[in-house]
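Each chain, written out:
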Amino acid sequence: MADGALTLTLDDYTAAKIEARAKAMGIPPEELAAMVLDARFFDYDDFTWINGDPRDDDPGRYDLNETGRPWSEVRPEFLALIDKTFGKSE
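Model, not experiment: these values are computed from the prediction.

Participant: Sorry if this is basic, but what is going on with helix H3 (residues 71-86) here?
Facilitator: Since the α-helix turns once every 3.6 residues, residues separated by three or four places project in the same direction. Taking 1.5 Å per residue, 16 residues should reach 22 Å; H3 reaches 21 Å between its end C-alpha atoms and fits that length. Positioned one or two residues after H3, Gly-87 has a phi angle of 95°, which is positive.

Participant: Whenever I open this one, the packing of aromatic side chains confuses me. Can you help?
Facilitator: Centre-to-centre distance and the angle between the planes together describe a pair of aromatic rings. A full pass over the atoms with the stated rule returns 5 aromatic pairs. Look at Phe-42 and Tyr-44: their rings are 4.9 Å apart centre to centre, the planes differ by 85°, and that puts the pair in the edge-to-face class. Given the relative accessible area of 32%, Tyr-44 is considered partly exposed. Look at Tyr-44 and Trp-49: their rings are 5.5 Å apart centre to centre, the planes differ by 35°, and that puts the pair in the tilted class. Three or more aromatic residues link up through ring pairs in this structure, and these residues are Phe-42, Tyr-44, Phe-47 and Trp-49.

Participant: Even after reading the chapter, I still don't get the pattern of salt bridges, so can you show me in this structure?
Facilitator: With the rule as written, the count across this model stands at 5 salt bridges. For Arg-55, the salt bridge identified is with Asp-45, shortest N-O distance 2.7 Å. You can see Arg-55 sitting in the loop between helix H2 (29-41) and H3 and its partner Asp-45 sitting in the loop between H2 and H3, a full 10 residues away along the chain. Owing to a relative accessible area of 57%, Asp-45 belongs among the exposed residues under this scheme. For Asp-83, the salt bridge goes to Lys-88, with nearest N and O atoms at 3.5 Å. Residue Asp-83 is classed as partly exposed on the basis of its relative accessible area, which comes to 22%. A relative accessible area of 69% places Lys-88 in the exposed class. Bridged by salt links that share partners, the residues Asp-45, Asp-53 and Arg-55 form one connected network.

The rules behind these values
- Residues numbered from 1 in each chain as written.
- Predicted model: local features only at pLDDT ≥ 70, side-chain atom pairs only at ≥ 80, totals over all residues.
- Heavy atoms only, no water.
- Helix = DSSP H or I, 4+ residues; strand = E, 2+ residues; numbered from the N terminus.
- Expected span 1.5 Å × (residues − 1).
- Phe/Tyr/Trp six-rings, centres within 6.5 Å; stacked < 30°, edge-to-face > 60°.
- Buried < 20%, exposed > 50% of the residue type's maximum accessible area, 1.4 Å probe, protein only.
- Salt bridge = Lys/Arg side-chain N within 4 Å of Asp/Glu carboxyl O.

Below, the structure is given as structure tokens:
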């Protein structure tokens, strides 16, 4: 298995679920199965995190009392940014 290849035998129920979801996603069932297994066995401790372990994120670094602006004030700016980025909409 050094090359990453592994053969699995799945029951009919699991195989059908993978097939149906992969079809809905437009990807091969093997790709979906690999994605699900990768996610299931992912371990943060297996990696070196450049900006620190994301599990150690400290909420104290954020101003959670920051107030927002009303949508009526933000909307024109938001629409102008969309027009500038993607072109004027009809």
